[in-house]
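In case you want the letters, here they are:
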Amino acid sequence: MKRRALPGTDLVVTEVCLGTMTWGEQNTEAEAHAQLDLALERGVNFIDTAEMYPVPPMAATQGRTEAILGAWLARQRRSDLVIATKVAGPGRRDWIRDGRNDLHGDITAEAAQTSLARLKTDVIDLFQIHWPQRNVPLFGAREFDPGAERDGPGIAEQVEGMAALVRAGKIRHWGLSNETSWGVCEARRVARELGAPAPVTVQNSCSLLSRTVDGDLAEVLFREGMSLLAYSPLAGGMLTGKYAGDTWPPLARYSRYATLGMRFRKPVVEEVARLYVALAREHGLTPVELALGYVRSRWYLGAMIVGATSVAQLDEDIAAATTVLDADTLAAIAQLQERFPSPAA
């Protein structure tokens with residue numbers, strides 16, 4: 001398993017990061033621990049979670065995923081692993097901290113402390129803001145709406161809150177998620193002005209169906225010396241082929257949860273996903289190999305976050321994530337992207 005140094009950090013991570021958001025809802029603790037054991041056996045050292053998980057998010061289950069991971073971590077050599085988690089932002093999950101989710105320094109500190117306790121560790125290697133405090137288009141939305149502006153702590157206060165956690169030894173580095181080019185640049189600029197630790201990673205959706213990173217955000221990553229943690233590289237399973245038929249598998253995520261992953265359920269997304277499945281087979285690849293091989297080919301990649309609901313599925317995904325696509329396959333992808341640049345946004 002290839003490892004990469006994340007720029008601006010002392011973290012060396014595998015190019016596959018184990019995703020965890022199904023643990024505690026679609027997966028039991030025993031199933032989650034079996035996935036963790038397999039990932040460790042395959043050489044994976046990077047694990048990503050969030051205080052909001054599992055998904056779909058609910059008040060009754062919130063925090064279970066971190067607790068499940070913590071029970072496993074307590075039996076491991078902690079120094080061998082890189083653990084990332086995320087603090088929830090405002091406006092979407094009001095049951096977290098009884099709605100106290102504006103990213104003031106004291107709220108961020110409380111979130112970190114609670115995550116540390118659940119994870120049974122004394123430091124979080126990478127602490128990320130799950131989505132921005134401010135008004136931005138999120139999770140497949142394409143247009144910015146000035147009318148949705150809201151009050152809340154500014155970026156300087158958020159940077160200072162993260163800096164305090166670094167000084168206290170609670171976190172080693174911090175990052176952003178579901179962020180825009182402006183947000184990344186502003187956070188980095190403010191950190192420089194304050195002489196504070198700056199965000200080092202951006203965790204955004206990246207796949208054959210979601211290519212918003214490839215434009216101005218890619219330039220930001222290059223000029224700021226940052227890397228991407230790519231989530232949903234399989235578009236929630238759309239790029240595996242399991243949704244390509246007229247009838248979806250009854251236990252599949254989008255069959256079970258009608259409101260989950262709406263950006264990947266648009267008719268055009270289903271249509272384009274089928275084209276990629278066909279393209280994979282034309283080039284002697286599985287759909288998973290094509291999808292993960294494509295994400296692996298992105299020059300800005302720090303790691304791709306891969307999750308599963310079974311050990312067999314995870315084993316396939318980890319193996320497929322090492323796929324190197326040849327020039328002909330990349331050219332065929334580029335031709336399809338001319339027609340459908342980023343259908344899931």
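The structure this text deals with has already been given above.
Residues numbered from 1 in each chain as written. Predicted model: local features only at pLDDT ≥ 70, side-chain atom pairs only at ≥ 80, totals over all residues. Heavy atoms only, no water.

**With respect to the layout of surface pockets**
Part 1 of the argument: Size it by volume and the largest pocket reaches roughly 1100 Å³.
Part 2 of the argument: Met21, Val55, Ser232, Gly236 and Arg253 are, among the 49 residues lining the largest pocket, the residues nearest its centre.
Part 3 of the argument: Breaking the lining of the largest pocket down by element, the ones donating at least two residues are helix 7 (253-256), strand 10 (301-306) and helix 10 (311-320).
Part 4 of the argument: No other element matches helix 10, which puts 3 residues into the lining of the largest pocket.
Part 5 of the argument: Put simply, the second largest pocket is a space of about 490 Å³. (1 Å grid on protein atoms, 1.4 Å probe; cavity = no way out; pocket = protein on both sides within 12 Å on 5 of 7 lines; lining within 4 Å. Points joined across faces, edges and corners; volume = space filled by probe spheres on them. Helix = DSSP H or I, 4+ residues; strand = E, 2+ residues; numbered from the N terminus.)

**Observations concerning the packing of helix 2 (residues 64-73) against helix 3 (residues 105-119)**
Part 1 of the argument: Their axes nearest at 7 Å, the elements helix 2 and helix 3 cross at an angle of 50°. Accordingly, the angle class assigned to the pair helix 2 and helix 3 is oblique. Between helix 2 and helix 3, the residues in contact are Glu66, Ala67, Leu69, Gly70 and Leu73 and Ser115, Arg118 and Leu119, respectively.
Part 2 of the argument: By residue class, the composition of the contact of helix 2 with helix 3 is 4 nonpolar, 2 polar and 2 charged. (Axes fitted to C-alpha atoms, helices over the stretch in contact; angles between N-to-C directions. Parallel < 35°, antiparallel > 145°, perpendicular 65-115°, else oblique. Contact = heavy atoms within 4.5 Å. Nonpolar A, V, L, I, M, F, W, Y, C, P; charged D, E, K, R; others polar.)

**Concerning the state of the cysteines**
Part 1 of the argument: In the structure shown here, the tally under the stated rule is 0 disulfides.
Part 2 of the argument: Lacking any disulfide linkage, Cys185 is separated from the closest cysteine sulfur, that of Cys206, by 18 Å.
Part 3 of the argument: Taking relative accessible area as the criterion, Cys206 reaches 2% and is therefore assigned buried. (Disulfide = S-S within 2.5 Å. Buried < 20%, exposed > 50% of the residue type's maximum accessible area, 1.4 Å probe, protein only.)

**Looking at the nonpolar core**
One broad rule of soluble globular proteins: the nonpolar side chains tend to lie buried together.
Part 1 of the argument: Counting 85 residues, the largest nonpolar core has Leu69, Phe127, Leu209, Tyr276 and Leu290 as the members making the most contacts within it.
Part 2 of the argument: Among the nonpolar cores identified, the runner-up in size contains 13 residues, and Cys17, Leu126, Leu229 and Ile305 belong to it. (Core = buried A, V, L, I, M, F, W, Y, C linked by side-chain atoms within 4.5 Å.)

**Focus on empty space enclosed by the protein**
Part 1 of the argument: Summed over the entire model, instances satisfying the criterion amount to 3 cavities of 30 Å³ or more.
Part 2 of the argument: Among the elements of the structure, helix 4 (155-167), strand 7 (171-177) and helix 5 (181-194) are those that each provide at least two residues to the lining of the largest cavity.
Part 3 of the argument: Residue composition of the lining of the largest cavity, grouped by class: 7 nonpolar, 3 polar and 2 charged.
Part 4 of the argument: When its volume is computed, the second largest cavity comes out at roughly 40 Å³.
Part 5 of the argument: Lining the second largest cavity are Met238, Gly241, Tyr243, Ala244, Glu270, Ala273 and Arg274.
Part 6 of the argument: Looking at side-chain class alone, the lining of the second largest cavity contains 4 nonpolar, 1 polar and 2 charged residues.

**So, the pairing of strand 7**
The side chains of a regular strand alternate between the sheet's two faces.
Part 1 of the argument: Among the 7 residues in strand 7, 6 count as buried, and that is most of the element.
Part 2 of the argument: Here strand 6 (residues 124-129) pairs with strand 7 via 5 bridges, running parallel. In the sheet register, Phe127 faces strand 7, and the bridge partner there is Trp174.
Part 3 of the argument: Strand direction decides the pairing type here: strand 7 and strand 8 (residues 201-205), joined by 2 bridges, are parallel. Across the sheet, the residue bridging to Ser177 is Gln203, located in strand 8. (Pairing = 2+ DSSP bridges.)

**Examining the packing of aromatic side chains**
Part 1 of the argument: Applying the stated criterion to the full structure yields 4 aromatic pairs.
Part 2 of the argument: Consider the rings of Tyr243 and Trp248, whose centres lie 4.8 Å apart with planes at 75°: the pair is edge-to-face.
Part 3 of the argument: Trp248 gets classed as partly exposed once you look at its relative accessible area, which sits at 21%.
Part 4 of the argument: Connected via pairs of aromatic rings, a cluster forms that spans Phe222, Trp299 and Tyr300. (Phe/Tyr/Trp six-rings, centres within 6.5 Å; stacked < 30°, edge-to-face > 60°.)

**With respect to the side chain of Thr61**
Part 1 of the argument: Structurally, Thr61 can be placed in the loop between strand 4 (46-48) and helix 2.
Part 2 of the argument: You can call Thr61 buried: its relative accessible area is 4%.
Part 3 of the argument: Filtering out sequence-adjacent residues up to four positions away, Thr61 remains in contact with Gly24, Glu25, Tyr53, Pro54 and Pro56.

**Observations concerning the packing of helix 1 (residues 29-41) against helix 10**
Part 1 of the argument: Relative to each other, helix 1 and helix 10 sit at 25°, their axes nearing to 10 Å. The angle between helix 1 and helix 10 places the two elements in the roughly parallel class. Of the two possible hands of crossing, helix 1 and helix 10 adopt the one that is right-handed. Residues Ala34, Gln35, Leu38 and Ala39 of helix 1 touch helix 10, and the partners they reach there are Val311, Leu314, Asp315 and Ile318.
Part 2 of the argument: Partitioning the contact of helix 1 with helix 10 into residue classes produces 6 nonpolar, 1 polar and 1 charged. (Left-handed = near helix turned anticlockwise from the far one by under 90°.)

That's the geometry; what it means functionally is another story.
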